[in-house]
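Letter by letter, the chains look like this.
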Amino acid sequence: MKNIPVVDLVGAGPGDPGLITLKGAESIRKANVIIYDRLAHPAHLNLARTDAELIYCGKQADRHTLTQDEINALIVDRALNGLKVCRLKGGDPFVFGRGGEEADFCRQNGVDFRIIPGVTSAIAAPAYAGIPVTHRDAASSFAVITGHERDDSGESGTRVAGQSEGRRNWANIANAADTLIFLMGVENLDVICTKLMEHGKSPDTPVALVRWGTWDDQETLVTSLSHAVNDVRSAAFKAPAVTVVGEVVNLREKLRWFDNRPLTGKRVIVTRAREQASQLTDMLREQGAIPIEYPVIQTRPLANLTHLSNALANLDQYRWVIFSSGRAVEVFVDQMLELGMDSRALANVKIAVVGVSTAETVKSKLNVIPDFIPSRFIAETVISEWPQKDMSATKVLIPRAQSARDFIPESLEEMGAVVDIVSVYETVKDHGNRDLILDMLTKGKIDYLTFTSSSTVTNFIESIGPDNIHLLNDLTIVSLGPITAETARNAGLTTQIVAEEYSIPGLVQEISDHAKNEEQS
Ligand code: SAH
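The structure reproduced in this document is the subject of the present report. Only a predicted model underlies this, so the values are computations on that prediction, with no experimental measurement involved. (Residues numbered from 1 in each chain as written. Predicted model: local features only at pLDDT ≥ 70, side-chain atom pairs only at ≥ 80, totals over all residues. Heavy atoms only, no water.)

Re the sheet that holds strand 22 (residues 497-499)
Put simply, the rule reads: We treat two strands as partners when DSSP finds at least two bridges between them. By the criteria applied, helices consist of DSSP H or I runs no shorter than four residues and strands consist of E runs no shorter than two, each listed in order from the N terminus. For helices, the fitted line uses only the C-alpha atoms of the stretch in contact; every axis is such a line through C-alpha atoms, and the angle between N-to-C directions lies from 0 to 180 degrees. The contact criterion used is simple: two residues touch if any of their non-hydrogen atoms lie within 4.5 Å.
On the basis of which strands lie adjacent, the open sheet formed by 5 strands has the order 14-13-20-21-22 and parallel pairing. With one partner strand each, in any of the chains shown, strand 14 (290-293) and strand 22 form the two edges of the open sheet. Recorded for the sheet is a direction-independent mean angle of 20° between the axes of neighbouring strands. Sheet topology places strand 13 (residues 267-270) next to strand 20 (residues 448-451); 3 bridges connect them, and they run parallel. Residue pairing in the sheet places Val-270 in a bridge with Thr-450 of strand 20. Across the sheet, helix 17 (residues 482-490) is in contact with strand 20, strand 21 (476-480) and strand 22; its angle to strand 21 comes to roughly 135°.

As structure tokens, this is what we get:
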């Protein structure tokens, strides 16, 4: 049976990937074809099926990748071929998104559609700048207005800015509501401001422009009707931006929350393996930073896990299992399940973990609360605080990376233990987008560079090329743990921040403190 053609016109929200609806995310997950534009955050595409066709039709003021007619035709063509189409649009599909035209074209061609509304940038961008569009004391209404004459021109606006403005009823616009919100208004800002003042708005009326609202690199410019054009020009402030006109703009001073966090606007390179980076990038983002993922290593389970399987088969002989990385826990658990074992097999074994996130992984993947977590996450502390003083003839299992330090096993052996080290995963080189990173480094756009292990240092330098090390002179280098810092030092790099604890929250805290101190000095 042929599939019923169906198209979802989905609002992706304004940027921040968390601001899509549950229904929108579901549509992306199920779609065979996703047609998206540049205002929809690319992270949404991570939800897509691996076999989904992803089509970019990014519109920009000065160029069209696809014309609107081509987009309409594409949507209908794919749907009539029985494919599930998700047309993913920035903000809300029916707020200046030309969603109406696309829906109409579907109907004309007998294609069913659903509209999945989204969070519009008209409200969300001001909100992320700390500006409520209404407020009991400042505004009881708001209007959303296109900065272009034709209010269906979307991002693209084929008409020339300023042309035919005479036909708009500016008296109505100026008095439409207490708060006026213009989309697509940057190019046309001079006309907007002049006309609003001509029609009775005070030149002192506060104005805010919010660019790439809710994205990591959101920028806000606060000005007034009479100064807006000059200020925007001298700041070289460009589209896409939402322009808010009205008293509510003053509330930003009190309500700012998103762009005044410790690391706001700071670009931080994360060199960790992609599969391990999310905690670090999430925490950096929470502090306002713009994490730039440049994984230089990759971890992968060993192809041959016989050694681990043998250890698991004899698990009841061990008194302790020590985990010092979340990755080791994951591989361990996956192999247990593979062999038909679950956490009950660990009932008589004590678990020691090194690292907060390793402990979290043990809890979430194994449903087991670790028996021992040292107060500091360095090997020396693990040994000095080790809870069982007499280790004679005690069997210890250490599943870990293929190349790792031997301090813990050797010390335990000195205490009389019988230690089995089992390699469960290996670390190999990864290659990120080198040109992009070199470009940012050359332009001085990077504030922090993070190394979470010695291999990230070595591979990073190899990746950018030793000749380019001088590009790292002006940024702050952050190393997790003294050993990583030492590797960096030996490679000729000066680490300004050494996070003593092997914990990602500790590392992020140190970067935040550093940024605060810099600001004060
Ligand atoms: N449907 C979209 C609007 C599309 S029109 C929505 O509901 O948000 C395109 C205009 O929207 C841009 O020119 C800009 O004015 C505004 N815009 C969209 N996303 C934005 C964002 N994240 N930050 C600032 N402005 C944005």
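From this point on, the discussion continues.
Concerning unusual backbone geometry
Note: most peptide bonds trans; most residues except glycine with negative phi. To keep it simple, the criterion reads: Relative accessibility decides the category of a residue: with a 1.4 Å probe and only protein chains considered, values under 20% of the type maximum give buried, values over 50% give exposed, and everything between is partly exposed.
Note that the residue after Ala-239, namely Pro-240, is joined by a cis bond; omega there is 0°. Within the chain, Phe-96 stands out as a residue other than glycine whose phi angle is a positive 45°. In this structure, Arg-98 is a non-glycine residue whose phi angle is positive, near 60°. Checked against the element boundaries, Arg-98 lands in the loop between strand 6 (84-89) and helix 3 (99-108). Under the relative-accessibility criterion, Arg-98 is labelled buried at 19%.

Describing the site of the ligand
Cut-off, in case you're wondering: Near is defined per residue: the residue qualifies when any heavy atom it owns lies within 4 Å of the molecule or strand. Polar contacts, as used here, are pairs of N or O atoms within 3.5 Å; protein pairs need one atom able to donate a hydrogen and one able to accept it. Residues neighboring in sequence count only if both atoms are side-chain atoms. Reported accessibility uses the Shrake-Rupley method at a 1.4 Å probe radius. Residues are deemed covered only where the shown protein chains occlude them. Residues were grouped as follows: Ala, Val, Leu, Ile, Met, Phe, Trp, Tyr, Cys and Pro as nonpolar; Asp, Glu, Lys and Arg as charged; and all remaining residues, including Gly, as polar. An automatic or database domain assignment supplies the start and end points of every domain.
Around the ligand there are 19 residues in total, and Val-95, Thr-120, Ser-121, Gly-213 and Ala-241 lie nearest to it. Residue Gly-90 places a main-chain N or O atom 3.0 Å away from a nitrogen atom belonging to the ligand. Here the ligand loses 97% of its free accessible area of 540 Å² to cover by the protein chains. The residue makeup of the shell around the ligand, split by class, is 12 nonpolar, 5 polar and 2 charged. The two domains that each donate at least three residues to the shell around the ligand are domain 1 (6-119) and domain 2 (123-260).

Focus: the state of the cysteines
Applied cut-off: Only a pair of cysteine sulfur atoms within 2.5 Å counts as a disulfide in this structure description.
Counted by the stated rule, this structure contains 0 disulfides. Lacking any disulfide linkage, Cys-57 is separated from the closest cysteine sulfur, that of Cys-86, by 11 Å. Judged by its relative accessible area of 1%, Cys-57 is buried. Free of any disulfide, Cys-106 has its nearest neighbouring cysteine sulfur in Cys-86, separated by 12 Å.

Brief notes about the environment of Thr-264
Within the secondary structure layout, Thr-264 lies in the loop between helix 8 (252-255) and strand 13. Spatially, the C-alpha atom of Thr-264 lies 6.9 Å from that of Gln-287, the residues being 23 residues apart in sequence. When near neighbours in sequence (up to four residues on either side) are disregarded, Thr-264 contacts Phe-258, Asp-259, Gln-287 and Gly-288. At 3.5 Å, the side chain of Thr-264 forms a polar contact with the backbone nitrogen of Asn-260.

Thoughts on the nonpolar core
Stated formally: Here, nonpolar core refers to any group of buried Ala, Val, Leu, Ile, Met, Phe, Trp, Tyr and Cys residues whose side-chain atoms link them within 4.5 Å.
Within the largest apolar cluster, 29 residues are counted, with the highest numbers of intra-cluster contacts made by Leu-315, Phe-323 and Phe-332. Here this core gets 6 residues from one element, more than from any other, and that element is helix 11 (residues 326-338). What Phe-332 contacts, discounting residues up to four positions off in sequence, is Leu-308, Leu-312, Leu-315, Phe-323, Leu-346, Leu-397 and Pro-399. By size, the runner-up hydrophobic cluster in this structure holds 24 residues, among which are Leu-438, Met-440, Ile-464 and Ile-477.

A look at the sheet that holds strand 9 (residues 179-183)
Taken in spatial order, the 5 strands make up an open sheet running 8-9-12-10-11, and their pairing is mixed. Where the open sheet ends on each side, the last strands, each with one partner, are strand 8 (142-146) and strand 11 (219-224). Averaged over all adjacent pairs, the angle separating strand axes in this sheet is 20°, with direction ignored. In the sheet, strand 8 pairs with strand 9 via 5 bridges, with the strands oriented parallel. When the bridges of strand 9 are listed, Ile-145 appears paired with Phe-182. The strands touched by helix 4 (residues 121-128) are strand 8, strand 9, strand 10 (206-211) and strand 12 (241-245); relative to strand 12, the strand with the most contacts, the crossing angle is about 80°. With respect to the sheet, helix 6 (residues 189-198) is in contact with strand 9, strand 10 and strand 12, its orientation differing from that of strand 9 by roughly 160°.

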